[in-house]
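# Examination of the molecular architecture
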Amino acid sequence: MAYQTINPYTNKVEQTYPNASDADLEAALTAAHKRYLEFRNAQPETRSAALHQVATLMRDEQHELATTLTREMGKLIGEAEAEVALCADIADYFADHGPGMLADTPLTTAAGPAYYAKQAVGVLVMVEPWNFPYYQIMRVFAPNFIVGNTMILKHASNTPASAEAFADVLRRAGVPDGSFANLFIDYDQVGQAIADPRVAGVALTGSERGGAAVAKEAGANLKKSTLELGGNDAFIILPDADWDLVRQVAPQSRLMNAGQICSASKRFIVVGDRYDEFVEFMKQEFAKVQPGDPMDPATTLAPLSSARAKDKLQKQVDAAVAAGAHVEYGNTPIDSDGAFFQPTVLTGIDRDNPVFNQELFGPVASIYHVDTEEEAVALANDSSYGLGSVVFSQDADRADRVARQLEAGMTFINRSWLTAPELPFGGVKNSGYGRELYDLGLNAFVNEHLVLAK
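Residues numbered from 1 in each chain as written. Predicted model: local features only at pLDDT ≥ 70, side-chain atom pairs only at ≥ 80, totals over all residues. Heavy atoms only, no water.

### Quick word on the environment of L379
By the secondary structure assignment, L379 is in helix 12 (residues 373–381). When its relative accessible area of 14% is taken as the criterion, L379 is described as buried. Spatially, the C-alpha atom of L379 lies 41 Å from that of V121, the residues being 258 residues apart in sequence. Those residues in contact with L379, other than ones at most four positions away along the chain, are R267, I269, F356, Y368 and V370. (Helix = DSSP H or I, 4+ residues; strand = E, 2+ residues; numbered from the N terminus. Buried < 20%, exposed > 50% of the residue type's maximum accessible area, 1.4 Å probe, protein only. Contact = heavy atoms within 4.5 Å.)

Take a look at the structure:
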């Protein structure tokens, strides 16, 4: 596995990083376990100051950190800066609220005085993806650092500079050695780490294939795991939707981060007689984007993360068209050395089409038409995925009723997908299991230790 920074805008290799050795992994595990033993008996408040300092450094160095993201995975500089700001918010949130979330919980029982304590469990392995290189790390790091777990990171092979930049911020913020180690390891070494008795669990965000492999390894070694594996999220527009609001939200819900968001809307389901109008609107909006240098604030379409990602998406779209999908707009090459994919609108996708139950990880919108609310719910749920979803209706009770029927980990009403430290993130079905952020994420890897006195 070659860890390389390849700028998606120029398609040129900027830096290559050496792989970590088994000795490097052993040293990291030793240091992480030693630090866990110290953290386990220390109050979580003792770690808050370092986490606040992480947030301060990220805000002070927002543009520089964002530039690394843009150079390495191609996202627009404004979106990269927003990611850095979000990470700072997550760090502050768990520094402030984490200790309270970890307070002992008293239990009412006739057996005697009882409570359960939330305690650290040990070393965690983190396997994280490239689409939000800092945010994906921070979602696991911040809550588990407060808990007292220590972590070893295996980041995506195309975002090594981002992983190093994150680790450097932690070092300079005063996060103790052994709390977090970024290692350029391969998947065989990930398996070695999971099997190590000092490791208590593994958190992965990535593909179904990667999740299945890691879950198998974790299960074989009786280690807890959390998985976030992508989605094919529905965007349901009910007949009584506020169409001015729909128009504000729909295009960017697909185009943000060049469409490379697990929980972004991908299947737009129009209920009623405004389907043609919505298709025409999305065509017009997709035609407005301006590809270019993602460091230029005037650019509105970033390249995909890599030439490989572009090729994969093109093969999926080609297969969809070959199976009967209609290209309403897009699917033509952009003249550039970069990994650009023209925003594309597809219609006419039936259940036999290969992309009906696939995640299209890029700026491709699939639009469907149904006649009733019940059909919309059935179509939304007719997927092996269950991550996010969106419902638009001016009737609050109706929107809530539809939301509750959706087989998803998250539903957003009259707005696009949103993430914040106080909102739990995760899905069901093939989108994975477990939650990150909020107290659900903090509790993902804790020992709920019962203490009962006579």
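Moving on from the model shown.
### Regarding the sheet that holds strand 3 (residues 105–107)
One open sheet accounts for three strands, arranged 3-4-20; its pairing is antiparallel. A strand with exactly one partner marks an edge of an open sheet, and here the two such strands are strand 3 and strand 20 (447–452). With strand direction ignored, the average angle separating the axes of adjacent strands in the sheet is 25 degrees. Inspection of the sheet shows strand 3 paired to strand 4 (residues 114–119) by three bridges, in the antiparallel sense. Counted as the bridge partner of P106 is Y115 from strand 4. (Pairing = 2+ DSSP bridges. Axes fitted to C-alpha atoms, helices over the stretch in contact; angles between N-to-C directions.)

### With respect to the nonpolar core
Generally speaking, soluble globular proteins have nonpolar side chains that are buried together. Counting residues in each nonpolar core, the largest one holds 92 residues, and the members touching the most others are M58, F94, M138, F141, F180, F278 and M282. For this core, the leading source of residues is helix 4 (residues 77–101), giving twelve residues. Every residue in contact with F278, bar those within four places of it in the chain, is listed here: I237, W243, V246, A250, F268, V270 and I367. With 30 residues, the next largest nonpolar core counts V271, I349, V355 and A399 among its residues. (Core = buried A, V, L, I, M, F, W, Y, C linked by side-chain atoms within 4.5 Å.)

### Quick notes on helix 2 (residues 48–60)
Taking 1.5 Å as the rise per residue, helix 2 with 13 residues should run 18 Å; its terminal C-alpha atoms sit 18 Å apart, in good agreement. Buried within helix 2 are the following residues: S48, A50, L51, V54, A55, L57 and M58. Elements in contact with the buried residues of helix 2: helix 3 (62–73), helix 4, helix 5 (135–147) and helix 6 (160–173). (Expected span 1.5 Å × (residues − 1).)

### Overview of the sheet that holds strand 5 (residues 123–127)
Taken in spatial order, the six strands line up as 7-6-5-8-9-19 in an open sheet, and their pairing is mixed. Each edge of the open sheet carries a strand with a single partner, namely strand 7 (180–182) and strand 19 (432–433). In terms of strand pairing, strand 9 (residues 224–228) meets strand 19 through two bridges, oriented antiparallel. Paired with L227 across the strands is Y433, a residue of strand 19. Its contacts with the sheet place helix 5 against strand 5, strand 6 (150–154), strand 7, strand 8 (199–205) and strand 9, and it is angled at close to 165 degrees to strand 6. Strands in contact with helix 6 are strand 6 and strand 7; relative to strand 7, the strand with the most contacts, it is inclined by about 155 degrees.

### Quick look at the packing of aromatic side chains
All chains considered together, the criterion is met by 18 aromatic pairs. On the numbers, 6.2 Å between centres and 70 degrees between planes, the contact of W243 with F278 is edge-to-face. Linking W243 in helix 9 (residues 243–255) with F278 in helix 10 (residues 275–286), this pair joins segments that are 35 residues apart in sequence. Comparing W243 with F278 shows no difference in burial state: the two are buried. An aromatic cluster is defined as three or more aromatic residues linked by ring pairs; in this entry it consists of F39, Y134, F141, F145, F166 and F180. When the ring centre of F39 is taken as origin, the NZ or CZ atom of R47, which lies over that ring, is 4.8 Å away. Across from the ring centre of F445, 6.0 Å away, lies the NZ or CZ of K224, which sits over that ring. (Phe/Tyr/Trp six-rings, centres within 6.5 Å; stacked < 30°, edge-to-face > 60°. Lys NZ or Arg CZ within 6 Å of the ring centre and 35° of its normal.)

### Regarding the pairing of strand 1 (residues 3–7)
On strand 1, burial follows the alternation: Y3, T5 and N7 on one face are buried, whereas Q4 and I6 on the facing-out side are not. Sheet analysis places strand 1 next to strand 2 (residues 12–17), joined by five bridges and oriented antiparallel. Residue T5 lies in a different strand from strand 2, and its bridge partner there is Q15.

### Concerning helix 6
For an α-helix, the turn length of 3.6 residues means that residues three or four places apart are oriented alike. Helix length check: helix 6, at 14 residues, gives a terminal C-alpha distance of 20 Å against a target of 20 Å (1.5 Å per residue), a fit within 8%. Most of helix 6 is tucked away: ten of the 14 residues are buried. Burial in helix 6 covers these residues: P160, A161, S162, A163, A165, F166, A167, V169, L170 and A173. Just beyond helix 6, the residue with positive phi is G174, at close to 95 degrees.

### Concerning the environment of S431
By the element assignment, S431 lies in the loop between strand 18 (428–429) and strand 19. Residue S431 is classed as buried on the basis of its relative accessible area of 0%. Sequence spacing of S431 and L418 is 13 residues, and the spatial spacing of their C-alpha atoms is 17 Å.

### Some points on the packing of helix 12 against helix 13 (residues 396–405)
Following both chains from N to C, one finds helix 12 and helix 13 inclined at 35 degrees, their axes separated by 10 Å at the closest point. In this structure, helix 12 crosses over helix 13, and the sense of that crossing is right-handed. In this structure, helix 12 uses E373, V377 and N381 to contact helix 13, whose residues at the interface are R398, R401, V402 and Q405. (Left-handed = near helix turned anticlockwise from the far one by under 90°.)

### What to know about the side chain of T347
Residue position: T347 is located in strand 13 (residues 344–347). Once you skip the residues sitting within four places of it in the chain, T347 turns out to touch Y275, V279, A325, H326, E328 and I367.

### Focus on the state of the cysteines
Put plainly, a disulfide is one covalent bond tying together the sulfur atoms of two cysteines. If you walk through the whole model with that rule in mind, you get zero disulfides. The cysteine C87 is free of any disulfide, with C262 supplying the nearest cysteine sulfur at 15 Å. Looking at C87, the relative accessible area reads 0%, which means it is buried. (Disulfide = S-S within 2.5 Å.)

### Focus: the pattern of salt bridges
Per the counting criterion, the structure on display carries 24 salt bridges. Close ionic contact of E26 with R198 constitutes a salt bridge, the shortest N to O distance being 2.9 Å. With E26 in helix 1 (residues 22–40) and R198 in the loop between helix 7 (187–195) and strand 8, this residue pair connects regions lying 172 residues apart in the sequence. The salt bridge involving D196 is made with R198; its shortest N-O contact spans 2.8 Å. Relative accessible area serves as the criterion here: at 13%, D196 is assigned to the buried category. Through salt bridges with shared partners, a single ionic network connects E61, D168, R171 and R172. (Salt bridge = Lys/Arg side-chain N within 4 Å of Asp/Glu carboxyl O.)

Structural measurements only, silent on function.
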